[in-house]
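# Architecture at a glance
Chain residues, written in single-letter form:
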Amino acid sequence: MSRSRQPPLVTGISPKEGAAWTKVTIRGENLGTGTTDLIGLSICGHNCLLTAEWMSASKIVCRVGPAKDDKGEIIVTTKSGGLGTSTVSFKLIRPERIGILDQSAVWVDEMNYYDMRTDRNKGISPLSLRPSNPLGIEIDKGKIPQKDMELTFPGMSGDFTSDNFSATWYLIENHAGSSFEQLKFASSNLKKQSTKKNEGSLAYVKGGLSTFFEAQDALAAIHQRLESDGTERVEGSMTQRLENILNRASDTADTLFQEVLGRKDKADSTRNALNVLQRFKFLFNLPLNIERNIQKGDYDVVINDYEKAKSLFGNTEVPVFKKVYAEVETRITALRSLLLEKLLQTPSTLHDQKRYIRYLSDLHAPGDPAWQCIYAQHKWILQLMQSCRDEFISGQRGIGASGLEGDTRPSALSRLSHTASLKRGGSLRTPRPSTWRFETPQQVQFVEKLSDVVIGQLPNFWKLWISYVNGSLFSETGEKSGQVEKSKKNARQRQNDFKKMIEEMTHRLVKLVRGALLPSTLPQGELNLYGGWENKTELTGNWLTQIIHTVRACHEALSALEIPNDLLQVIQDLLLDLRVHCLMVTLLHTTEDVKRLAEKEDWVVDNEGITSLPAQFEQCMIQMLQSLKEPLEIKAGEINVLQLDQVQDQATELSVGIMKVFINCLAQLSTKTDGDIDTSLNMSVDLSSPDRFPGVQEGFSPTSEQRLLIILSNCQYLERRTFLNLADHFEKHNLTGTEKITRVSVDAVRELDRQLFDAYIEQRADPIAGSLEPGIYAGYFDWRDCQTPTGVRNYLKEALVNIITVHAEVFTVSKDLVPRVLSRIVEAVADEMCRLMQCVSSFSKNGALQARLELCALRDAIAAFLNAESNASFKLALEGLPQLHSGADKKLLEELLNQFKSSMQLQLTCFQPSCIQPVKR
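Remember, it's a predicted structure, so these values are computed and weren't measured experimentally. (Residues numbered from 1 in each chain as written. Predicted model: local features only at pLDDT ≥ 70, side-chain atom pairs only at ≥ 80, totals over all residues. Heavy atoms only, no water.)

### Looking at unusual backbone geometry
Here the amide bond leading from Ser14 into Pro15 is cis, since omega sits at -5°, within 30 degrees of zero. Along the polypeptide, Pro15 turns up in the loop between strand E1 (9-14) and strand E2 (17-19). Phi is positive for Trp21, close to 70°, though the residue is something other than glycine. Secondary-structure assignment places Trp21 in the loop between E2 and strand E3 (23-29). One non-glycine residue, Trp603, lies in the positive phi region at around 65°. Residue placement: Trp603 occurs in the loop between helix H19 (565-595) and helix H20 (612-627). What makes Trp603 buried here is its relative accessible area of 6%. (Helix = DSSP H or I, 4+ residues; strand = E, 2+ residues; numbered from the N terminus. Buried < 20%, exposed > 50% of the residue type's maximum accessible area, 1.4 Å probe, protein only.)

Written out as structure tokens, the structure reads:
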């Protein structure tokens, strides 16, 4: 059957919920052309056609039946449109049964009101003829669930008004507990109802006979009144008045009806207009939707809507549609301009660039947006590189490295990790805290920023080109329209242009770096464009190493892009020049760092008598070698800079100069004078206080003699350990000239050691030896006329105390120096005592005994430090004295010697024999 109209569509129902027999108004579209066209209406699965009242093509009024479903759709079926659909649903409420006299909080429909006085129904509608209990027996509801009944009787219903009524279902549901006799009685009731129904209209008249009698009585009364009036057409008669009333009522009814019809026509017109707007609302709302989606950035939605509108209304002839579509095209043109502007805008991510290119392709933008983007990115990267240089030159980056002169310039020692300290006993200086920082020089910041620009932009630039070549920038729409093949063809034609772009970028990178670090390698005409760094601070080796690392990383990143090697050779040449420059600058700056090591001497010695200065020097040299590890490392495509003869010779000479500079620092420290030397550490000290020399503490100012001792100890350590360690490190790092460097260094430190030792002995031995002669003859002492000896005189004790003081001073610094120093001090004292004894012309008996006592006491006290020369001096002095022949004199001498040793036992403990033998130089 062909249909000339659309299927019915229910879009609204009022109310949306209610109990059975609730009157509802259904609204929608295509609900039929008339009462005869409406052939079906179901709500929640229940057939409601019997109560349906067709009002218009958009409105139907009916009553909801007792459906089995609590909630369901409203389905309308018409001859012209067929089976319809619904966008709304109705909820069926099943209220409890309420009697006439029961109180209720809700309205109860009284359409089934039964008049007990007349034993007949009043105002009963056809639906009210439905009996609530057709069997006429007591209802006994079963307990079988509704779902089980639906499964047992599929497609059937227990509602006897339904087309699919099942008697078995009804009996099981309502009379599961009824007896057989009750069912027989119910059967007879059904027969009676069937017989009564067959009586037809006669039975209906008999049932309403009283109504007919009342109507006949009323009509007879009216007729009697009219006859008694007698004047049917006389003015003012009852008939005339009745006619006037009826006419006015008719006019009033017509007026009301016309107003309703007018509103109905207006509503139908409005509804039809709304239907048109609703049906084509996509097109009418499209300009506004495009504007909104552009503001939100939902370009995919705009493109999809545009393609849809173009396919539907692109060739329309309807004026209103053409007008709206023209506005859509205007918005799309503006969108193309906006997207192209965003595409060429910098900076932007690769993802956004691809996205905008795809958008423009889908919108059929003119030209080649992808190549326009590549060209714009190339110019922007070059401008970014040049702007980076201009920004630093103009000082917009702030003061970069102006404060790196002097002490603030990071030395080799301060830049090495503390784990690189020397492997020897003793305590090193506490390293600088991790919070110590220095500002990065501007050249380093510039190269890093420049490298960030290249590494950050070139890969995306390259990926954009690859996507342009293989056509992956376009969507499926672009592939179908042939834009991919067109893009590939354009890319093949522009390969040389792209290669020139890469070449221009690499040369710009190299020239900018050379202008900042190696301006002498640039032509004079390019210095104005790439130079301008003359007023900036000269960089140290470590900063240059960092720059080399940065340039290498940049080269590796470009190599990974499969750029031809001939385009990257300029970067390799730059790296070679930077490595040589870094080697020379590192050696020169290390020389300056070594010069400043003297300022860092804190004179705090460890248990070997060594200060931190040799360790700092060794650590400085080791760090220098380690800092050169990366510049000297040979990467792929690079050459060994040490194979260049000129570089090799210059590096050896600079290394020898570093060693000599440090030895000169030691010589300067040995002669340095401080005006604030603590005088409490004088030679004349009270040995009754055993803690006069607890050890050299941090922060003290040593005397000139203590400086000599500390430097002597450091010189010995340099010769025995430091220079040998450095030779191993030089060979390990493949630096040439190691033998020459070591030989020159050892000779220089030995010469310094000899000079310092002689100076210290001269300062300490001469005062002690010079105090002997005045002490001997103090109090007009005469060897020829003196009393019997009672003990060693004070001058000798004072000399021993001074020797002990020297011992304490040397031992406090380094116990290894004690035998060497004390041997020379004792040698000088012994020689002076021998000279003084030889100068005496004659001795008395007591004088000879006194002289022998003092010589023996001195010799025995310092026996641990006697050498061949001092032994010979004591022997010569004793041989020049008269011999002791009396046993009493010998006994007295022995007693006095024992008495001296006993009284000076504590002081002479330091002179006890030691396993350390005197060191001969």
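### Brief notes about the side chain of Thr506
Relative to the helices and strands, Thr506 resides in helix H16 (residues 495-517). Exposure remark for Thr506: the relative accessible area of 2% places this residue in the buried category. Not counting residues within four places of it along the chain, the set of residues in contact with Thr506 comprises Leu558, Leu567, Leu568 and Val570. (Contact = heavy atoms within 4.5 Å.)

### Remarks on the pairing of strand E4 (residues 38-43)
Pairing geometry for E4 and strand E8 (residues 71-78), over five bridges, is antiparallel. Looking at E8, one finds that Leu41 is bridged to Val76. Turn length for the E4-strand E5 (residues 46-47) hairpin, with the two strands adjacent in sequence and antiparallel, is two residues, and the turn residue Cys44 shows positive phi of about 55°. (Pairing = 2+ DSSP bridges.)

### Observations concerning helix H26 (residues 794-813)
A rise of 1.5 Å per residue sets the reference length of H26, with its 20 residues, at 28 Å; its end C-alpha atoms lie 29 Å apart and thus fit the reference within 8%. Within H26, 15 of the 20 residues are buried, leaving the element largely enclosed by the surrounding structure. (Expected span 1.5 Å × (residues − 1).)

### Digging into the pattern of salt bridges
If you walk through the whole model with that rule in mind, you get 27 salt bridges. As a salt-bridge pair, Arg784 and Asp782 come within 3.6 Å of each other at their nearest N and O atoms. Asp782 gets classed as partly exposed once you look at its relative accessible area, which sits at 28%. Where Arg835 meets Glu832, a salt bridge forms, and the shortest distance between an N and an O atom there is 2.5 Å. Residue Arg835 and its partner Glu832 are located together in helix H27 (residues 818-838), separated by three residues, close to a single helical turn. Salt bridges linked by common partners bring Glu291, Glu327 and Arg331 together as one network. (Salt bridge = Lys/Arg side-chain N within 4 Å of Asp/Glu carboxyl O.)

### Concerning the confidence of the model for the chain
Here the chain averages 78 in pLDDT, and 83% of its residues register 70 or above. Below a pLDDT of 50 lies the segment residues 396-437, which in the model reaches 86 contacts outside its immediate sequence neighbourhood of four places, other chains included. (pLDDT = per-residue confidence, 0-100.)

### Description of the packing of helix H9 (residues 319-344) against helix H10 (residues 350-362)
Two numbers describe how H9 lies on H10: the axes approach to 9 Å, and their chain directions differ by 155°. It follows that H9 is roughly antiparallel to H10 by the angle criterion. As for how H9 packs across H10, the hand of that crossing is left-handed. Of the residues in H10, those in contact with Arg336, Leu339, Leu340, Lys342 and Leu343 of H9 are Gln353, Tyr356, Ile357, Tyr359 and Leu360. Residue composition of the contact of H9 with H10, by class: seven nonpolar, one polar and two charged. (Axes fitted to C-alpha atoms, helices over the stretch in contact; angles between N-to-C directions. Parallel < 35°, antiparallel > 145°, perpendicular 65-115°, else oblique. Left-handed = near helix turned anticlockwise from the far one by under 90°. Nonpolar A, V, L, I, M, F, W, Y, C, P; charged D, E, K, R; others polar.)

### Some remarks on the nonpolar core
Membership of the largest hydrophobic core comes to 105 residues, with the highest contact counts inside it found for Leu583, Phe617, Val821, Met833, Met837, Ile862 and Phe911. When neighbours within four sequence positions are excluded, Phe617 is seen to be in contact with Val594, Leu597, Ile658, Met659, Phe662, Leu718, Thr722, Phe723 and Leu726. Grouped together as the second largest cluster of nonpolar side chains are 82 residues, Ile303, Tyr468, Ile563 and Leu568 included. (Core = buried A, V, L, I, M, F, W, Y, C linked by side-chain atoms within 4.5 Å.)

### Considering the packing of aromatic side chains
Each pair of aromatic rings is reported with the distance of its centres and the angle of its planes. This structure, assessed with the given rule, holds 16 aromatic pairs. Taken together, a centroid distance of 4.9 Å and an interplanar angle of 45° make the contact between Phe446 and Trp533 tilted. Pair noted here: Phe446 is in helix H13 (residues 442-470) and Trp533 is in the loop between helix H17 (527-530) and helix H18 (541-559), with a separation of 87 residues, a long-range link. Taken as a pair, Phe446 and Trp533 share a single burial class, namely buried. Plain terms: the ring middles of Phe461 and Phe498 are 5.2 Å apart, the flat faces sit at 20° to each other, and that makes the pair stacked. In this pair, Phe461 is assigned in helix H13 and Phe498 in helix H16, connecting sequence segments 37 residues apart. Judged by relative accessible area, which is 3%, Phe461 ranks as buried. Among the aromatic residues, those joined into a cluster by ring pairs are Trp371, Phe461, Trp465, Tyr468 and Phe498. (Phe/Tyr/Trp six-rings, centres within 6.5 Å; stacked < 30°, edge-to-face > 60°.)

### Considering a nonpolar patch on the surface
A grouping of Leu209, Phe212 and Phe213 is seen on the molecular surface, where their side chains present a nonpolar patch of about 300 Å² in accessible area. With respect to the secondary-structure elements, Leu209 resides in helix H5 (residues 209-229). Assessed through its relative accessible area of 39%, Leu209 is described here as partly exposed. (Patch = residues over 30% accessible without salt bridge, like charges linked within 9 Å, V, L, I, M, F, W, Y side chains within 5 Å. Areas by Shrake-Rupley, 256 points an atom, 1.4 Å probe, with all protein chains shown as cover.)

### Considering the environment of Tyr760
When you line up the elements, Tyr760 lands in helix H24 (residues 738-770). Accessibility expressed as a relative area gives 0% for Tyr760, which makes it buried. Expressed as a C-alpha distance, the spacing of Tyr760 and Glu705, which sit 55 residues apart in the sequence, is 6.2 Å. Leaving out residues up to four positions away in the same chain, Tyr760 has contacts with Glu705, Leu708, Leu709, Val806, Glu809, Val810 and Val821.

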